[in-house]
Amino acid sequence: MPGVVVKFSIDETIPPVRNAYFNVPAAFREAAKQRLKQMEEQDIIEQVTTAPNWISGMSAVPKGKTDFRLVVNMRAANKAIKREYFRMPLIDDMTIKLHGAKYFSKLDLSNAFYHLELSPESRDLTTFLSESGMYRFKRLMFGVNCAPEIFQREMTNILKDEKNIIVYIDDILIFGAVLVQEDIKGLPRVISFASKAFTSTEKRYAQNQREALGAVWGVEHFSYFLLGRHFLLRTDAQRVAFILNRSRENTKRALTRADGWALRLSPYSYDVQYIRGCDNIADPSSRLYIANDEPFDEACSPWEIASVESNCFEFLTEAEVREATANDEILQQVIVALETGKWLKSLRKYELVAKDLTVSNGRASNVCKNEKHSSQRVWWPGITADAEEWVDTCQVCATTGRPEKPTPMKRSLVPKTAWHSIALDFNGPHAKLGGVSILVVVDYRSRYLIARPVKSTSFENTKKVLDNIFEREGYPQNIKSDNGPPFNGEDYKAYCRERGINTIFSTPLFPQQNGLVEGYMKLVNKAMATALSSGTSYEKELQDAVDAHNAAAHTVTRIPPEEIMMGRKIRRHLPLLLGKQSDHDEDLINTRDRQAKLRSKEYEDSRRGARECRIKPGDVVITERLTRTKGDTRFDPTKLTVVAHNNGNLVLCDNSGRNFRRHVTQTCKVREWRDREPVEENETHEQVESRRCSNRDRKPPAYLESYVRVCELEDLNRREFR
């Protein structure tokens, strides 16, 4: 509809609200990204590059059983939109206007809202946050003056198989839910546990209602994994199967409380199955859980994560701020300057924001759009930097925090000739096959693969295998390997130096830098697993897998590796339909290799959030622990100094002067740590636990008594050993 522009009438007295991100279910994530990209290409939405006043969350509302609709939660923003009134025409009025008409047409618009342009001054109100970034609508969008209620809880995406997802439900006075996934043998693998305690009111519900409550709460709790997938709901209560499977269109009685809960599962695709109580793996968690939980709220959306509003925090009382301001000499000078308009040179940084400062009841604060909002905020110069410094100087935050971001990938061009550069690595050892290891060799240009079993990874054994390979193929110009045995010794370096071979080593504990040969470990593992399962010779299975790889066209070069390596077509069991001479285009191989590497670089850099290394020589870092037990921090608190760096590869030095290498993703940049607050030493661990836990006796299920006795015996033995 060209020329039609919609403008909202906004109530400026309503404070802006910034809602947290509402996560899209795992099954819809990729499709949601594509839809956002299409909407941006169709000029329906645009990216937001400045800080908005309003932010709403985006989610995916199920549409039928397999489709979904992207919606934006405009519930908070709708409160600031003044409703405009319009008189709808009556049927009688329309009948009079249509009198004498001969031709009629019907207009059925697709995405009717998007046909109306939104005025630039009204677009800030429609800003929403998604996984792909922050956008706002350029066209009128669905949800204005209405409140979509379907949102979900943020969880980790760990379920890949859409066919074998099962939810176990059990109900006593405390009920539990267990999310599992069956493997190919039908054995359950537990993914997550969840439990909820009934309130005193919920305990008085009828038994069938308590069972239904357990099923509905459990499914909604795991909604992030279940929406958009078909799953199995297992329960030891036959009443739940009746309530959830019953056709409500044909029922003649009024809906009970349990039927109302069951209606909330309409967006899900599931089957209910009855199992015996002794087969219900949710039974232990329903008995052992102790907590004081909130009641099951029908009005609350189970998918909503959180909402952060600008006027909901009360950190300091007004009296405390007033007292602190009265004792601050600089702020007293600022107050005088605000009243007189005369600013000292020492108050230059306050003068720059004088228009945003005011004095109220003897305290200075920054001005927002209304008095109530401003009275709940305080400010001082450099507040952001001070907050960042407070976090950066915390030892606990650093040792338990996240590592540095990876650097952008630097892809090297394919060598101009075959066997110019190769990569080496060991696979194994395979304990079930006598401890044998596999030396894997890959040519960078042709992707030609060689795999040789060795009984030991010592240099003497490795040297024999390399001599056998080099006797046939010749010496390469470069060999890339990791720092494991036998490549970390002087014997290997001398061996390569005598033969004019350059040695290239990846960063320790960072196998991604030797990614070409690492990628072929799956092929070797599959061959060894096939030999174990079928009882055949692992040497035959390994050689068959290598031959199949070398004889098939590679996904990047689209030419068999052996053809590039040998310069001719290799005759196998099937006859050659063409001549034996190879006629592949070398320039085409270079082009395909370069394009594939650029595509993978763009994808990986985006997926990992890569950025340029912010660590420079002279900085202080801590490194990830090589081994970590439960309860250990992620990083070792020992500080190390950065000596040199190259595209994320760091050379570090400890206090004894010893140098070693680590990748930037294994480190965390730190500053001088501040002194920690004193901790009460009189209180023991047992006293802390007694305060946290209830004194209520926990009785294990009867059929688990033998298991509990074994656990108690093992715990007693461990204590005596200590």
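Residues numbered from 1 in each chain as written. Predicted model: local features only at pLDDT ≥ 70, side-chain atom pairs only at ≥ 80, totals over all residues. Heavy atoms only, no water.

1. Details of the pattern of salt bridges
This structure, assessed with the given rule, holds 24 salt bridges. Here Asp619 makes a salt bridge to Lys669, at a shortest N to O gap of 3.6 Å. Here Asp619, found in the loop between α21 (586-608) and β22 (620-623), pairs with Lys669, found in strand β26 (residues 667-669); they are 50 residues apart in sequence, far enough to count as distant. Its relative accessible area of 18% is what places Asp619 among the buried residues. (Salt bridge = Lys/Arg side-chain N within 4 Å of Asp/Glu carboxyl O. Helix = DSSP H or I, 4+ residues; strand = E, 2+ residues; numbered from the N terminus. Buried < 20%, exposed > 50% of the residue type's maximum accessible area, 1.4 Å probe, protein only.)

2. Re the packing of helix α18 (residues 521-534) against helix α19 (residues 538-551)
Packing of α18 against α19 brings their axes to within 8 Å, and their N-to-C directions diverge by 140°. As summarised for this structure, α18 and α19 are arranged oblique, according to the angle between their axes. Between α18 and α19 lies a crossing of right-handed hand. Of α19, the residues touching α18 (which contributes Leu523, Val524, Ala527, Met528, Thr530, Ala531 and Ser534) are Tyr538, Glu541, Leu542, Ala545, Val546 and His549. Taken together, the residues of the contact of α18 with α19 break down into 9 nonpolar, 3 polar and 1 charged. (Axes fitted to C-alpha atoms, helices over the stretch in contact; angles between N-to-C directions. Parallel < 35°, antiparallel > 145°, perpendicular 65-115°, else oblique. Left-handed = near helix turned anticlockwise from the far one by under 90°. Contact = heavy atoms within 4.5 Å. Nonpolar A, V, L, I, M, F, W, Y, C, P; charged D, E, K, R; others polar.)

3. Structural notes on the confidence of the model for the protein
Low pLDDT marks regions whose predicted coordinates should not be analysed in detail. Looking at the protein as a whole, its pLDDT mean stands at 76, while 75% of the residues score no less than 70. Per-element confidence in the protein ranges from a low mean pLDDT of 39 for helix α12 (residues 371-375) to a high of 92 for strand β18 (residues 436-443). Scored below 50 in pLDDT, residues 146-163 shows 64 contacts in the model against residues more than four places distant or in partner chains. Between residues 248-252, whose pLDDT stays under 50, and residues either more than four places distant or in other chains, the model counts 6 contacts. (pLDDT = per-residue confidence, 0-100.)

4. As for the side chain of Asp593
Mapped onto the fold, Asp593 is located in helix α21. Within polar-contact distance, the side chain of Asp593 engages the side chain of Arg447 at 2.6 Å. Filtering out sequence-adjacent residues up to four positions away, Asp593 remains in contact with Val414, Arg447 and Val556. (Polar contact = N/O pair within 3.5 Å; in protein donor to acceptor, adjacent residues only side chain to side chain.)

5. So, the sheet that holds strand β4 (residues 56-63)
Spatially, the 5 strands line up as an open sheet ordered β3-β8-β7-β4-β5, and their pairing is mixed. Two strands in the sheet have a free side with no partner beyond their single neighbour: β3 (45-47) and β5 (67-72). Here the average twist between neighbouring strands, direction ignored, is 40°. Bridge count for strand β7 (residues 128-130) against strand β8 (residues 133-137) is 3 bridges, and the pairing is antiparallel. Bridge pairing in β8 places Leu129 opposite Met134. Packing against the sheet, helix α1 (residues 29-41) makes contact with β3, β4, β5, β7 and β8, and its axis sits at approximately 60° to β5. (Pairing = 2+ DSSP bridges.)

6. Focus on the packing of aromatic side chains
Each aromatic ring pair is characterised by the separation of its centres together with the angle its planes make. All told, the structure shown has 10 aromatic pairs when counted by the stated rule. Relative to Phe137, the ring of Phe128 has its centre 5.4 Å away and its plane inclined at 40°; by these criteria the two rings are tilted. Under the relative-accessibility criterion, Phe137 is labelled buried at 4%. Their ring planes at 25° and their centres at 5.7 Å tell us that Phe231 and Tyr270 sit as a pair that is stacked. Here the residue Phe231 occupies a position in strand β12 (residues 230-235), and Tyr270 occupies one in strand β13 (residues 269-274), the gap between them amounting to 39 residues. In terms of burial, Phe231 and Tyr270 fall into one category: buried. (Phe/Tyr/Trp six-rings, centres within 6.5 Å; stacked < 30°, edge-to-face > 60°.)

7. Some points on the pairing of β18
Among the 8 residues in β18, 8 count as buried, and that is most of the element. Burial of β18 is two-sided: the residues Val436, Ile438, Val440 and Val442 facing one way and the residues Ser437, Leu439, Val441 and Asp443 facing the other way are all buried. The pairing of strand β17 (residues 421-430) with β18 spans 7 bridges and is classified as antiparallel. From the neighbouring strand, Ile422 faces β18, where its bridge partner is Asp443. Connecting β17 to the next strand, β18, in antiparallel fashion are 5 residues, including Gly434 with a positive phi near 80°. In terms of strand pairing, β18 meets strand β19 (residues 449-454) through 6 bridges, oriented antiparallel. Counted as the bridge partner of Ile438 is Pro453 from β19. In this structure, the hairpin formed by β18 and β19 is closed by a connection of 5 residues, where Arg447 is found at a positive phi of approximately 65°.

8. Some words on unusual backbone geometry
Residues Gly428 and Pro429 are joined by a peptide bond in cis, for which omega reads 5°. Residue placement: Pro429 occurs in strand β17. We note that Asp43 has phi near 65°; this positive angle belongs to a residue other than glycine. For Asp43, the position within the fold is in the loop between α1 and β3. Exposure remark for Asp43: the relative accessible area of 36% places this residue in the partly exposed category.

9. Comments concerning the side chain of Arg123
With respect to the helices and strands, the residue Arg123 is situated in the loop between β6 (117-118) and β7. In this view, Arg123 contacts Glu46, Glu117, Leu118, Arg136, Phe137 and Lys138; residues no more than four positions away in its chain are not counted.

10. Concerning the sheet that holds β17
Taken in spatial order, the 5 strands line up as β19-β18-β17-β20-β21 in an open sheet, and their pairing is mixed. Taken across any chain shown, the strands that pair with only one partner, and hence form the sheet edges, are β19 and β21 (502-505). Adjacent strand axes in the sheet meet at a mean angle of 25° when their direction is disregarded. Contacts from α18 reach β17, β18 and β19, with the element oriented near 35° to β17. Where α19 meets the sheet, it contacts β18 and β19, and its direction lies at approximately 170° from that of β19.

11. Description of the nonpolar core
Core analysis: the largest hydrophobic core is formed by 32 residues, its most contacted members being Leu244 and Tyr268. Of the residues forming this core, the biggest block, 6 residues, is contributed by helix α4 (residues 207-221). Non-local contacts of Leu244, meaning those with residues more than four positions away in its chain, are made with Ala215, Leu233, Ala262, Leu265, Tyr270 and Val272. (Core = buried A, V, L, I, M, F, W, Y, C linked by side-chain atoms within 4.5 Å.)

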